[in-house]
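Survey of secondary and tertiary structure
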Amino acid sequence: MIQETTFTYKPGEHESEKASNSYLMSLVALIAGMPLPIINLFATFFFYLANRKGTYFVRWHCTQSLFSQLALLGINSASFWWTISIIFTDEKVSNQYFAYIFTVIIFNLLEIFSTIYAAVQTRKGKHVQFLFFGNLTNLICRA
């Protein structure tokens, strides 16, 4: 799920800190805006905008963090609105609902743990790529 590679370029302390903060931004936003799934995306997006002209290492990790939040936005939004519709309409709780919520919880836990791991490793100056998002980031983010 997470691949650790090395750059031929060794990022400086300031770069490693900014790249690590791109992952931590989503965790801080998760705590601040727990029920609203778009809060994480906004926080990560604004951090990306602030650092999009930074060094390649910082830009790359800001972009990967943004892509991972975009993916979670879809499944978290669906679960949020499904739950709202159950609370405020006549829709009944079903086995499909519980299965979906369980899946969403698993995906969110995986994302939280991978984000923490990526933040720690990136802070050490290591280049961490998520399975799908790393390849997508490589296509979009150029040196």
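Described below are features of the structure shown in this document. The shown structure was predicted, so the numbers you read here are calculated from the model rather than taken from an experiment.

On to the overall build of the chain, then. Each helix and strand counted, the chain has 5 helices and 2 strands in total. Listed by position from the N terminus, the elements making up the chain come as β-α-α-α-α-β-α. For the chain, with 143 residues in total, the buried portion stands at 41%. Sequence separation of at least 24 residues holds for 73% of the intrachain contacts in the chain that already meet a minimum separation of 6. Put simply, the chain shows about 8400 Å² of open surface, and 70% of that area lies on carbon and sulfur atoms.

As a further point, take the packing of aromatic side chains. Applying the stated criterion across every chain yields a total of 8 aromatic pairs. Geometrically, the ring pair formed by W82 and Y97 is edge-to-face, given 5.2 Å between the ring centres and 75° between the ring planes. With W82 in helix α3 (residues 56–88) and Y97 in helix α4 (residues 95–123), the pair connects residues that are 15 residues apart, well separated along the chain. Relative accessible area serves as the criterion here: at 11%, Y97 is assigned to the buried category. In textbook terms, an aromatic cluster arises when at least three aromatic residues are bridged by ring pairs, as seen for W82, Y97, F98 and Y100.

Quick look at α3 now. For α3, built from 33 residues, the straight-helix expectation of 48 Å at 1.5 Å per residue is met to within 8% by its first-to-last C-alpha distance of 47 Å. Along its length, α3 reaches its greatest deviation from straightness, about 25°, at L73.

Taken as a whole and assessed by the stated rule, the structure comprises 1 salt bridge. A salt bridge links E13 to R123, with the shortest nitrogen-to-oxygen separation between them at 2.6 Å. A residue pair is termed long-range when its members are at least 10 positions apart, and E13 in helix α1 (residues 13–32) and R123 in helix α4 qualify at 110 residues. The class of R123 is partly exposed, set by a relative accessible area of 32%.

Another aspect to go through is the environment of L30. Locating L30 in the fold gives a position in helix α1. Taking C-alpha positions, L30 is 26 Å from T55, a pair spaced 25 residues apart along the chain. The residues contacting L30, other than those within four sequence positions of it, are N40 and I112.

A word on the state of the cysteines. Enumeration over the complete set of coordinates arrives at 0 disulfides. Not engaged in a disulfide, the cysteine C62 finds its nearest cysteine sulfur in C141; these two sulfurs lie 9.0 Å apart. With a relative accessible area of 1%, C62 lands in the buried category.

Rules of the game
Residues numbered from 1 in each chain as written. Predicted model: local features only at pLDDT ≥ 70, side-chain atom pairs only at ≥ 80, totals over all residues. Heavy atoms only, no water. Helix = DSSP H or I, 4+ residues; strand = E, 2+ residues; numbered from the N terminus. Buried < 20%, exposed > 50% of the residue type's maximum accessible area, 1.4 Å probe, protein only. Contact = heavy atoms within 4.5 Å. Areas by Shrake-Rupley, 256 points an atom, 1.4 Å probe, with all protein chains shown as cover. Phe/Tyr/Trp six-rings, centres within 6.5 Å; stacked < 30°, edge-to-face > 60°. Expected span 1.5 Å × (residues − 1). Bend = angle between axes of the 7 residues up to and from the residue. Salt bridge = Lys/Arg side-chain N within 4 Å of Asp/Glu carboxyl O. Disulfide = S-S within 2.5 Å.

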